[in-house]
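As a plain string of letters, each chain reads:
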Amino acid sequence: MAAAPPAFTGNLKKALAGLRRINLDGLRWRVFDAKGQVLGRLASQIAVVLQGKDKPTYAPHVENGDMCVVLNAKDISVTGRKMTDKIYYWHTGYIGHLKERRLKDQMERDPTEVIRKAVLRMLPRNRLRDDRDRKLRIFSGGEHPFHDRPLEPFVMPPRQVREMRPRARRALIRAQKKEQANRAAAESAKDEEDSKTAKAEVKV
Amino acid sequence: MNKGKIFKLAKGFRGRAKNCIRIARERVEKALQYSYRDRRNKKRDMRSLWIERINAGTRLHGVNYGNFMHGLMKENIQLNRKVLSELSMHEPYSFKALVDVSRNAFPGNRPIPAKEGLASIL
């Protein structure tokens, strides 16, 4: 059974941490694929599932959310210039020590933290928040060690993508045309080289 | 006499508030004020909990709370939110029938999604 899904590389201890503390009977294991999803929109869906708000048996004092497994965290996308311009700030407590880190650097260090921060900041700040954090497992690649559990893929609800603003759309068309021109130039350069080498072979 | 009554009401309070009359009197007054206010708040909180549950139940069938209620009002079904939330928790088949009635009366603008879990059996 372990031959069909690939073996899980990475921190197995971290992935299985605290599983014993969670009361797992009756909970579903929902799998979210973050590939190509927008960060905030995915995080809000995860937060809703994690709180158990999609079940009619929701009660605010009882923790009844499903286990959420997020795959492909390194392929998460953000719109606009957030990749370079979104900055995470935190204050260490010492005076003057306001630290900052850009989204780009955070993705290089640990892409799972990006999604974890986004989801955690969307959960209500109460005593159940830590338990909900324990139910959330994020993996930066596509492999996970939970193949023996009953997994259910989560289908994202259909989204109405906003039409591009005229300036951005013109920039996109320009970029596409430029890429086409580059590709055509590269192909023609390659054809010339091939014909030159063919002539050289023929001569020899 | 008054002190006795106050200490009786102050059972379970933290620290000196259950033992010393001066502090207990203040805390008991506050507790009675809170309980007066919260007898009214409880009705609001329970209704919002019922609405959350109905919302979750209808979204399993592809309809959101607003459209569902509008459809029920159109069909003049006068079940209140308390009963609807109980149905959504314990009587899934009846609840699905209600959701279908509402959807026929007022078709919302969302396509029906692919069902998973319990909803796929219904």
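Residues numbered from 1 in each chain as written. Chains lettered and ligands numbered in written order. Predicted model: local features only at pLDDT ≥ 70, side-chain atom pairs only at ≥ 80, totals over all residues. Heavy atoms only, no water.

Where an unreviewed UniProt entry is consulted, chain B appears under the name 50S ribosomal protein L20, with the organism given as Eleusine coracana subsp. coracana. The record in UniProt for chain B states the following under Function (unreviewed entry): "Binds directly to 23S ribosomal RNA and is necessary for the in vitro assembly process of the 50S ribosomal subunit. It is not involved in the protein synthesizing functions of that subunit." (UniProt positions renumbered as here; feature names shortened; annotations may be inferred.)

Within an unreviewed UniProt entry, the label attached to chain A reads 50S ribosomal protein L13, and the organism entered is Eleusine coracana subsp. coracana. The UniProt entry for chain A carries this comment under Sequence similarities (unreviewed entry): "Belongs to the universal ribosomal protein uL13 family."

> I'm lost on the packing of helix 2 (residues 39-51) of chain A against helix 5 (residues 111-120) of chain A in this one. Help?
Helix packing geometry: the angle between the two helix axes and the distance between the axes. All names here are of chain A. Axis separation between helix 2 and helix 5 bottoms out at 8 Å; the angle between their running directions is 60°. By the angle between their directions, the pair helix 2 and helix 5 is classed as oblique. Like other packed secondary-structure pairs, helix 2 and helix 5 cross with a definite hand, here right-handed. Two secondary-structure elements touch here, helix 2 through Leu39, Ala43, Ile46, Ala47 and Leu50 and helix 5 through Val114, Ile115, Ala118 and Val119. (Axes fitted to C-alpha atoms, helices over the stretch in contact; angles between N-to-C directions. Helix = DSSP H or I, 4+ residues; strand = E, 2+ residues; numbered from the N terminus. Parallel < 35°, antiparallel > 145°, perpendicular 65-115°, else oblique. Left-handed = near helix turned anticlockwise from the far one by under 90°. Contact = heavy atoms within 4.5 Å.)

> Help me out: how do you make sense of the nonpolar core in this one?
It is characteristic of soluble globular proteins that their nonpolar side chains tend to be buried jointly. All names here are of chain A. Within the largest apolar cluster, 25 residues are counted, with the highest numbers of intra-cluster contacts made by Phe32, Ile46, Val70, Ile115 and Leu136. Here this core takes seven residues from helix 2, the largest share from any one element. Setting aside residues no more than four positions away along its own chain, Phe32 makes contact with Leu42, Ile46, Val49, Cys68, Val69, Val70, Leu71 and Phe154. (Core = buried A, V, L, I, M, F, W, Y, C linked by side-chain atoms within 4.5 Å. Buried < 20%, exposed > 50% of the residue type's maximum accessible area, 1.4 Å probe, protein only.)

> Just checking my understanding: could you explain a positive patch on the surface for this structure?
Positive charge collects at one region of the surface, where Arg41, Lys82, Lys86, Arg121, Arg125, Arg159, Arg162 and Arg165 of chain A lie side by side. You can call Lys82 of chain A partly exposed: its relative accessible area is 39%. (Patch = residues over 30% accessible without salt bridge, like charges linked within 9 Å, V, L, I, M, F, W, Y side chains within 5 Å. Areas by Shrake-Rupley, 256 points an atom, 1.4 Å probe, with all protein chains shown as cover. Salt bridge = Lys/Arg side-chain N within 4 Å of Asp/Glu carboxyl O. Lys, Arg positive; Asp, Glu negative; His and termini not counted. Charge placed at Lys NZ, Arg CZ, Asp CG, Glu CD.)

> Where do I start with the interface of chain A and chain B in this structure?
How big an interface is tends to be expressed through the accessible area that disappears when the partners come together. With 13 residues of chain A at the contact, the number on the chain B side is 10 residues. Of the roughly 900 Å² buried between chain A and chain B on both sides combined, carbon and sulfur atoms contribute 54%. Linking chain A with chain B are one salt bridge. Between Lys53 of chain A and Glu52 of chain B there is a salt bridge; the shortest N-O distance is 3.8 Å. At the surface where chain A touches chain B, the tally comes to one residue pair in polar contact (both at pLDDT 80 or more). Residue classes in the side of chain A that touches chain B are distributed as six nonpolar, one polar and six charged. (Buried area = accessible area lost by both parts, 1.4 Å probe. Polar contact = N/O pair within 3.5 Å; in protein donor to acceptor, adjacent residues only side chain to side chain. Nonpolar A, V, L, I, M, F, W, Y, C, P; charged D, E, K, R; others polar.)

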